[in-house]
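Given next are the chains, with one letter for each unit.
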Amino acid sequence: MSQFLAAFPQIFADPMAYLLIVAGTIIGIIFGCIPGLTAGMAIALFLPLTFRMDIVPSLTLLLALYIGGISGGLISAILIKIPGTPASIATVFDGGPMADRGDAWKALSVGIVFSFLGTIFGILVLCLLAPILGKFSLSLGMFEYFSVAIFSLTLVAVLCGASLTKGLLACLIGLFMATVGAAPIDGFTRFTMGIHDLDAGFKEVPALVGLFAISELLNCGKEESGNVKMAKINRKGFGISRKEFAGQTVNFLRSSFIGTFIGILPGIGGSVCNLLAYGVAKKSSKYPEKFGTGIIDGIVASEASNNACIGGTMVPLLTLGIPGDAVTAILLGAFTINGLTPGPMFYQENIKLIYVIYALMFVCSIAMFVIQYFGIKGFTQLLKVPKYILLPMVMVLCIIGSFGTNNRIFDVWTLLLWGVLGFILTKFDLPLTPIIMGFILGPICEKYLRRGLMMSRGSFLPFVTRPVSAIFLGLCLVMIVVTFVSQMVKLSRSTRGGKGA
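Residues numbered from 1 in each chain as written. Predicted model: local features only at pLDDT ≥ 70, side-chain atom pairs only at ≥ 80, totals over all residues. Heavy atoms only, no water.

### Some thoughts on the overall build of the protein chain
Inference 1: A tally of regular secondary structure across the protein chain gives 22 helices and two strands.
Inference 2: Looking at the 501 residues of the protein chain, the share that counts as buried comes to 55%.
Inference 3: Considering only intrachain contacts with a sequence separation of at least 6, the fraction spanning at least 24 residues in the protein chain is 78%.
Inference 4: For the protein chain, the accessible area works out to roughly 21700 Å², and carbon and sulfur atoms hold 68% of it. (Helix = DSSP H or I, 4+ residues; strand = E, 2+ residues; numbered from the N terminus. Buried < 20%, exposed > 50% of the residue type's maximum accessible area, 1.4 Å probe, protein only. Contact = heavy atoms within 4.5 Å. Areas by Shrake-Rupley, 256 points an atom, 1.4 Å probe, with all protein chains shown as cover.)

### Description of the environment of phenylalanine 423
Inference 1: Relative to the helices and strands, phenylalanine 423 resides in helix α19 (residues 410-427).
Inference 2: You can call phenylalanine 423 partly exposed: its relative accessible area is 23%.
Inference 3: On a C-alpha basis, the gap between phenylalanine 423 and leucine 217 in space is 9.0 Å, while along the polypeptide they are 206 residues apart.

### Thoughts on α19
Inference 1: With 18 residues, α19 extends 26 Å between its outermost C-alpha atoms, agreeing within 8% with the 26 Å of an ideal straight helix rising 1.5 Å per residue.
Inference 2: Every buried residue of α19 is listed here: Phe410, Asp411, Val412, Thr414, Leu415, Trp418, Gly419, Gly422 and Leu425.
Inference 3: One or two steps after α19, the chain reaches aspartate 429, where phi turns positive at roughly 60°. (Expected span 1.5 Å × (residues − 1).)

### Structural notes on the pattern of salt bridges
Inference 1: Using the criterion set out here, one finds seven salt bridges in the structure.
Inference 2: Note that glutamate 446 is salt-bridged to arginine 190, the shortest N-O span being 2.6 Å. In this pair, glutamate 446 is assigned in helix α20 (residues 433-455) and arginine 190 in strand β2 (residues 189-190), connecting sequence segments 256 residues apart.
Inference 3: Ionic pairing is found between arginine 408 and aspartate 411, a salt bridge with its closest N-O pair at 3.2 Å. (Salt bridge = Lys/Arg side-chain N within 4 Å of Asp/Glu carboxyl O.)

Here it is as structure tokens:
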């Protein structure tokens, strides 16, 4: 506790911290509330600006963007029935009907309050669980780390998207793109096609910005932007009574736990947990028939879970060096830029920085609550900005940010290549998250595989005979088989239903 409290003076020793927290949170909320712009896009866009910063100011800005961006999605979800981010999809189900009947302010208040509480819940779990996992990770070796990385990729492929085949294919695409350039052990160049700019492979920042931001901009650009019909905000008090607040305690705790747990599982993130928490809340409710008609239970479940997921996604990032979702995959770049490598030794060597991260998340969550509560009417006006003005501005910022990575034009071509690749793959319903995770985890898999084979003198047996490694590889096999069987059963049922019709 003393180390946690001691982290606050370190944050605010620099007067710039106040500006970074406020500006980062506001920009994050803006990116979250405007459909098509996401928290991940905000972090990818601003990551190049942190290159000349120290690690603490850099993380201050990026964490403020992250926390503000995830919560900001509730604004458009409630007022115009379009989720600002995938993490707020379930907020539409009850937030929209509440706004239609004149309870927009109540819906917004509930969303803002439980977004804040969900974030705090996730941070508390991070503080309690991360040190335990950090100590456990020290007992793992090359074989175990390879198996954990493969398990993470399998988990992402299985749970992201409706098709196992498409999920695995997306992972393979990401893995292939990671093999371009020099090999991690011997430095042998591969798949460069004689282009010397590819000798070091695709740089993470332009690749992630392209796949995550440019592809979204291309998808948004083809959509027609009509007049936005927005619910009116009649501000009355705090929006929620003490009795209503107390009545949501069980729903809040259950949804926050689901969000944190899903966040800890590498590569899944808030887009899954908010729908899962909403479904569990509906099944556990005494009045499930009211869900979807405009009750606060649905908003609490969605917003508590997606914000609690933030703390969960940081757990595998800090303890294993494996991103919890696409956003933390970009955050990993902030650490590597500053010469830090999250993983087993991170807690041993950077314990003060760990507590600074906890304190930063706590402060940013308070800033998110205050700024969103008092600035809600200002943020709603941003929903009226035409796309033909907004999208070109974001595109220019993406290009400038990518060029600023290494001051070379090839990174701009990388940005555009990955953006077009992402746009094309979405046309075939291939999920982008497995591609990002494959690109990030590919070098990790290869590095530990080759080091493990060097230790075992070319034998694969230790990968399946060492207990922890065998467990994770066994879980991979079980997940693939179970998912394949369940999808085949669904396919056969739909086929029978079609014939019956």
